[in-house]
Amino acid sequence: MPKLPRISSREAIRALERLGFEQVRQTGSHVVMKKEIEEGEIGCVVPVHLKSVA
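A short tour of the structure in this document, coming up. (Residues numbered from 1 in each chain as written. Predicted model: local features only at pLDDT ≥ 70, side-chain atom pairs only at ≥ 80, totals over all residues. Heavy atoms only, no water.)

Attention shifts here to the sheet that holds strand E3 (residues 40-47). On the basis of which strands lie adjacent, the open sheet formed by three strands has the order E1-E2-E3 and antiparallel pairing. Because the sheet does not close on itself, it has two edges, and the strands there are strand E1 (22-27) and E3. Each strand of the sheet is rotated relative to its neighbour by a mean of 25°, with strand direction disregarded. Pairing of strand E2 (residues 30-37) with E3 involves eight bridges; the strand directions are antiparallel. Looking at the pairing, Lys34 lines up with Gly43 of E3. (Pairing = 2+ DSSP bridges. Helix = DSSP H or I, 4+ residues; strand = E, 2+ residues; numbered from the N terminus. Axes fitted to C-alpha atoms, helices over the stretch in contact; angles between N-to-C directions.)

So, about the pattern of salt bridges. Taken as a whole and assessed by the stated rule, the structure comprises one salt bridge. Here Lys34 makes a salt bridge to Glu41, at a shortest N to O gap of 3.3 Å. A residue is classified by how much of its surface remains accessible, and Glu41, at 46% relative accessible area, is partly exposed. (Salt bridge = Lys/Arg side-chain N within 4 Å of Asp/Glu carboxyl O. Buried < 20%, exposed > 50% of the residue type's maximum accessible area, 1.4 Å probe, protein only.)

Structure (structure tokens):
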């Protein structure tokens, strides 16, 4: 099975927003996103770690 491509945290957040997730809060370097569904809610935590570019 091929490896999945790496994506940035910004790309991950945009993809989740397109799927209906909303950013609820940010604690340190982690963004918490949630989506309301009929059975309750779905949560997802996205780490936002900046890379230093040389």
